Amino acid sequence: MPIVDSKTGKVVKEYNAEELKRLANIMRGYNLISLCAAGSGHLGGTMSIMDIVAVLYLKEIRHDPKNPDWPDRDRVIFSTGHKAPALYIGLGMSGYFNVEDVVTLRKLFSPFQGHPHWLKCKGVEFSTGSLGQGLSISVGQALAGKLDGKDYRVYCIMGDGEQQEGQIWEAILEAGHYKLDNLCGIIDFNKLQIDGWVKDVMNIEPIEDKYRAFGWEVIRIDGHNIDEIIQAFDKARKIKGKPTVIVADTIKGKGVSYAENIAGWHGKAPNYDLMIQGLEELGLKNYFDLDKLFKKANDYQTKVDEHLDKKVPKFSRNYWWNEMDIMKVEMEPTRKGFGNALEKVGDDPRIVCLGADISGSITISKFYENHPERKHRFLSMGISEQSMTCVAAGLSKEGKLPVIGTYGVFASARNLDQLRTTVCYGNHNVFVAGAHGGVSVGPDGATHQALEEFFNICGLPNMHVVAPCDAVEVEKATKYLLFEINGPKYIRFAREATPVVTDENTVWIFGKANVIRFRGERDNFKDAFEHILASEYENENEDLTIIACGPMVPEAMRAAYILKKEYDLETRVINMHTVKPIDREAIVRAAKETGIILTVEEHQKGGFGNWVSAVLSESPEVSSSGYLFRMMGVSDRFGESGAPWELVKEFELSAEFVAKNAKLLIDRKKEKVWWM
């Protein structure tokens, strides 16, 4: 059934196979342009799924773009949420909005988030992003249709690598058990995932036999043959008494020579020249008004920039990173420290690293990349975080030193029960890397921005938690946790390049905080500060204390610089790199000696701040005295797509906001107002 008018039931538009071929090609062109304009995104899978999306939205499903919530519409779930650009383009071509608007993809406040959000974009059926969940959602909607006597159909688009997630197989079992003949699964079988060929990472074949064994009808097609796609949907609609899955053989990066069958183009966007090359190869060189489209994208970005500029507190000069001729800082992703450490210590035969399909991104693959003799101690677990966690526990019980890593949102949440029951309850020696913490994944959006890890992880008995401030500290912490801590341990680090504010000579002791003091402007930002072990620090009667961890430590340092230059205020910055066990003595001393505590975290407010607050409230020597306390963090909201540094500003976490809040606290203290 093509696009219809839900009020009259009349067909609005009917496309034949030849028209669909032409439109699918144009959709690939929009995809190239939107990804280029965004500067990030997933080219490979969005190109491989585009023919199916064209048939699905322009011919197969019954829907009304003018009435997105029509109860009798067919439902489409993009379980493989990173292919959101293909979804947006399908919706735009159907008439939900002007398809040209997709050039604002992944920009701050755009409805076209890095992963789809149904509350932001018309026509999106469900918010997705964490792989493996969409088929369960689809089972729920299909069951609801059966219960309500509705005749709508539910379509679920999945990836082939996604079949490695255990939840997928729970949903497959459920759909077969309930004989959901109103459910049609679609597997974009492009045979590649981030870490390489699916068959090499974690083989899922024979996929057809497996689905059939669970009671499904299986149709295998060429996913780029429009006629076969149409016929497959026609056949699926006629199947009664069981769900259907269409296994669509596709080519990752289909249509552009430089991306076809290349795993490296999974999560990559073309630059302008490659976009032009791609449009030429698609025969669309002169089809689009590129000046108009990029002006639309640039005009949107200008509005975002203006919004953020108005929002950020202003001072007598611009203290932003590397904006002045002095106080320069080197930027480096903290994740590199993790990979560097594993490469240096990896000869220890006890170390076994387990990859979860983003090995290069989180740098865990550096363990073996230059050391092929270690490759047998690197286990590709595929997209299966929960099982990986328990496998690591098993390795630990047998005397190995297992290291597992994935995005922080998955490392701390998807496998939380496995960490609690299997790892922490038994006090097993498992090292967990929560990579890409906070807003550092930027344009990927809320589903991939880890802002809740401390709530989840710090509450687990026996767990040790470290949030280093820069790449140098990450390397030190990784080595220490690996060899010196016997038990569960979790390290949180970022994806984006952040300031390097320490060096090899900077003191770092697990469980012991550092005091950082601004000593005067220098050519290099790092040289303007002194780092002293908190237990050895002598009180300098500072005006306040800022306690921070992770990438907020450099922001706290910059805030101390601003406070000194603008108001001649002295700030004690505490680098609480070890969040658990927390340095109680450093916190208590700071409260007694400065009278003001401001905590700063790139996290939901309280994940870190609550631990500091608990120390103070439980300490008799300060709990009854007059001191001011305030937390800064993300204020009970999910993330947004946007550049990482844009999000730091939007969430009001940059040094400018820290300095503003610090000054307010100091003013309250002078006025003897003990609350804010």
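The notes below deal with the structure included here. Quick caveat, the model's predicted, so the values are computed rather than measured.

The next thing to look at is the overall build of the protein chain. Within the protein chain, the regular secondary structure consists of 25 helices and 24 strands. By the compact-globule yardstick of 26 Å for 676 residues, the protein chain fits well, its C-alpha radius of gyration being 27 Å. For the protein chain, the spread of C-alpha atoms along the principal axes amounts to about 80 × 60 × 50 Å. Per-residue burial for the protein chain yields a buried fraction of 62% across its 676 residues. Of the contacts made within the protein chain by residues no fewer than 6 positions apart, 78% connect residues no fewer than 24 positions apart. Surface accessibility of the protein chain: about 25,300 Å² in total, with carbon and sulfur atoms responsible for 48%. Charged side chains in the protein chain number 83 positive and 94 negative. The centres of these two groups are separated by 3 Å.

Moving on, we come to empty space enclosed by the protein. Taken as a whole, this structure holds 6 cavities of 30 Å³ or more when the rule is applied. Of the pockets and cavities examined, the largest cavity occupies roughly 110 Å³. Thr498, Pro551, Glu602, Trp645 and Val648 are the residues nearest the centre of the largest cavity, which is lined by 13 residues in total. When contributions to the lining of the largest cavity are tallied by element, the ones reaching two or more residues are strand 17 (497-499), helix 20 (552-567) and helix 24 (644-650). Taken together, the residues that form the lining of the largest cavity break down as 8 nonpolar, 2 polar and 3 charged.

Turning our attention to the sheet that holds strand 21 (residues 571-575). Judged by pairing direction, the sheet is mixed, and its 6 strands sit side by side in the order 19-18-21-20-23-24 without closing on themselves. A single partner strand is all that each edge strand has here, and the edge strands are strand 19 (529-533) and strand 24 (628-634). Along the sheet, successive strands turn relative to each other by an average axial angle of 25 degrees, direction set aside. Pairing analysis gives 5 bridges linking strand 20 (residues 544-548) to strand 21, with the strands arranged parallel.

In this structure, Pro206 follows Glu205 across a cis peptide bond, with omega equal to 0 degrees. You can see Pro206 is positioned in the loop between helix 7 (198-202) and helix 8 (207-213). Note that the residue after Lys580, namely Pro581, is joined by a cis bond; omega there is 0 degrees. If you trace the backbone, Pro581 turns up in the loop between strand 22 (578-580) and helix 21 (584-594). A positive phi angle is found at Lys191, which is not glycine, with a value near 70 degrees.

Read across the open sheet, the 5 strands follow the order 3-4-5-9-8; overall the sheet is parallel. The strands lining the two open edges of the sheet, one partner per strand, are strand 3 (75-78) and strand 8 (217-222). Taken pair by pair, the neighbouring strands of this sheet meet at an average axis angle of 20 degrees, ignoring direction. Bridge count between strand 5 (residues 183-189) and strand 9 (residues 244-249): 6 bridges; the pairing is parallel. Of the residues in strand 9, the one forming a bridge with Gly185 is Val245.

A probe matching the size of a water molecule, rolled over the atoms, marks out where space remains unfilled. There is about 760 Å³ of room inside the largest pocket. Lining the largest pocket are 45 residues, with His42, Ile194, His266, Gly267 and Tyr407 positioned closest to its centre. Elements that contribute at least two residues to the lining of the largest pocket include exactly strand 6 (192-193), helix 13 (359-362) and strand 13 (401-407). Residues that form the lining of the largest pocket fall into these classes: 12 nonpolar, 21 polar and 12 charged. The calculated volume of the second largest pocket comes to roughly 610 Å³.

Attention shifts here to the packing of helix 15 (residues 385-397) against helix 17 (residues 416-424). As a packed pair, helix 15 and helix 17 sit with axes 10 Å apart at the nearest point and diverge in direction by 10 degrees. Accordingly, the angle class assigned to the pair helix 15 and helix 17 is roughly parallel. Residues Gln386, Thr389, Cys390 and Ala393 of helix 15 form the contact with helix 17, whose own contacting residues are Gln418, Leu419, Thr422 and Val423. Within the contact of helix 15 with helix 17, the residues separate by chemical class into 4 nonpolar, 4 polar and no charged.

The next subject is helix 11 (residues 290-311). Residues three or four positions apart in an α-helix share a direction because the helix packs 3.6 residues into each turn. Helix length check: helix 11 (22 residues) gives 32 Å between terminal C-alpha atoms against 32 Å at 1.5 Å per residue, within 8%. For helix 11, the set of buried residues is Leu290, Leu293, Phe294, Ala297, Gln301, Val304 and Leu308. Buried residues of helix 11 fall within an arc of 90 degrees about the axis and therefore sit on the same side. Facing away from the buried side of helix 11, by more than 90 degrees, are the exposed residues Asp291, Lys295, Lys303 and Lys310. Packing partners of the buried residues in helix 11 comprise helix 1 (17-38), helix 10 (272-281) and helix 24.

Next up on the list: the packing of aromatic side chains. Under the criterion given, the structure shown has 23 aromatic pairs. The interplanar angle of 70 degrees and the centroid separation of 5.9 Å between the aromatic rings of Tyr480 and Trp508 together place this pair among those described as edge-to-face. Placement of Tyr480 in helix 19 (residues 471-484) and of Trp508 in the loop between strand 17 and strand 18 (514-518) is noted, with a sequence separation of 28 residues between them. Take Tyr480: its relative accessible area is 30%, and that puts it in the partly exposed class.

Parameters and conventions
Residues numbered from 1 in each chain as written. Predicted model: local features only at pLDDT ≥ 70, side-chain atom pairs only at ≥ 80, totals over all residues. Heavy atoms only, no water. Helix = DSSP H or I, 4+ residues; strand = E, 2+ residues; numbered from the N terminus. Rg over C-alpha atoms; globule rule 2.2 N^0.38 Å. Buried < 20%, exposed > 50% of the residue type's maximum accessible area, 1.4 Å probe, protein only. Contact = heavy atoms within 4.5 Å. Areas by Shrake-Rupley, 256 points an atom, 1.4 Å probe, with all protein chains shown as cover. Lys, Arg positive; Asp, Glu negative; His and termini not counted. Charge placed at Lys NZ, Arg CZ, Asp CG, Glu CD. 1 Å grid on protein atoms, 1.4 Å probe; cavity = no way out; pocket = protein on both sides within 12 Å on 5 of 7 lines; lining within 4 Å. Points joined across faces, edges and corners; volume = space filled by probe spheres on them. Nonpolar A, V, L, I, M, F, W, Y, C, P; charged D, E, K, R; others polar. Pairing = 2+ DSSP bridges. Axes fitted to C-alpha atoms, helices over the stretch in contact; angles between N-to-C directions. Parallel < 35°, antiparallel > 145°, perpendicular 65-115°, else oblique. Expected span 1.5 Å × (residues − 1). Arc of directions from axis to C-beta. Phe/Tyr/Trp six-rings, centres within 6.5 Å; stacked < 30°, edge-to-face > 60°.

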